[in-house]
Amino acid sequence: MKVLSLYVVMTLMAVLPGYANTGVVGPYDPPMEGIGDGTVSLSAIFFEDIEGELLFIDFEAIGDGIVQLNILKGQGLMLQDDVTDLPANTIYELNLEVFRSGTYTIELVTDKDIKIHKEITIE
């Protein structure tokens, strides 16, 4: 079932790119230096489903191994997940409905100790 859901999401991303990122990524999404081959941008890593209930994180798009995923609210750590046991081609699924309203920062830590930050707002 997850494979079918992923297929549907990927198809919709190709057909309806305006719905893939619901305002989470700004108008200018520059590539991140030091990550993978240097051409990776946040919009290639993070994408939402159409309903805005799920956030998908494409580990393979990063090009470096991800060892930890953290969710921060302000300075507080809300969630910490050791993802070293997940395959490099994982698409991590984060259910946004379990979070209360507010602004959160998703932090991905690579095996090279590079931190990728993504700010999201849940209403």
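Note that the structure is predicted; figures quoted are calculated from it, not measured.

Visitor: Give me the lowdown on the overall build of the protein chain, citing residues and values where you can.
Guide: Helices and strands together make up the secondary structure of the protein chain, namely four helices and seven strands. Counting from the amino terminus, the protein chain carries its helices and strands in the arrangement α-α-α-β-β-α-β-β-β-β-β. Counting only residues that meet the buried cut, the protein chain has 35% of its 123 residues in that class. Long-range pairs, those at least 24 residues apart, make up 55% of the contacts in the protein chain between residues at least 6 apart in sequence.

Visitor: Can you lay out the sheet that holds strand 7 (residues 115–122) for me, pointing to particular residues and giving the numbers?
Guide: Spatially, the four strands line up as an open sheet ordered 4-3-6-7, and their pairing is antiparallel. Pairing within the sheet leaves two strands with one partner each, and these edge strands are strand 4 (76–82) and strand 7. Neighbour-to-neighbour, the strand axes of the sheet open up by a mean angle of 20°, direction not taken into account.

Visitor: Describe the sheet that holds strand 5 (residues 91–95), with residues and values.
Guide: Ordered in space as 1-2-5, the three strands form an open sheet in which the pairing is antiparallel. If you trace the sheet from one side to the other, it starts and ends with strand 1 (46–48) and strand 5, each paired once. Direction aside, neighbouring strands of the sheet carry axes that sit 25° apart on average.

Visitor: Kindly report on the environment of Ser43, identifying the contributing residues and their values.
Guide: As for its position among the elements, Ser43 is in helix 3 (residues 42–45). As a C-alpha pair, Ser43 and Ala61 span 18 residues in sequence and 9.8 Å in three-dimensional space.

Visitor: Mind laying out the pattern of salt bridges, listing which residues take part and the relevant values?
Guide: Here the structure, examined in full by the defined rule, presents one salt bridge. Residue Lys112 is joined to Asp64 by a salt bridge in which the shortest nitrogen-to-oxygen separation is 3.4 Å. Pair noted here: Lys112 is in the loop between strand 6 (102–110) and strand 7 and Asp64 is in the loop between helix 4 (59–62) and strand 3 (66–73), with a separation of 48 residues, a long-range link.

Calculation notes
- Residues numbered from 1 in each chain as written.
- Predicted model: local features only at pLDDT ≥ 70, side-chain atom pairs only at ≥ 80, totals over all residues.
- Heavy atoms only, no water.
- Helix = DSSP H or I, 4+ residues; strand = E, 2+ residues; numbered from the N terminus.
- Buried < 20%, exposed > 50% of the residue type's maximum accessible area, 1.4 Å probe, protein only.
- Contact = heavy atoms within 4.5 Å.
- Pairing = 2+ DSSP bridges.
- Axes fitted to C-alpha atoms, helices over the stretch in contact; angles between N-to-C directions.
- Salt bridge = Lys/Arg side-chain N within 4 Å of Asp/Glu carboxyl O.

Don't take any of this as a statement about function, it's just geometry.
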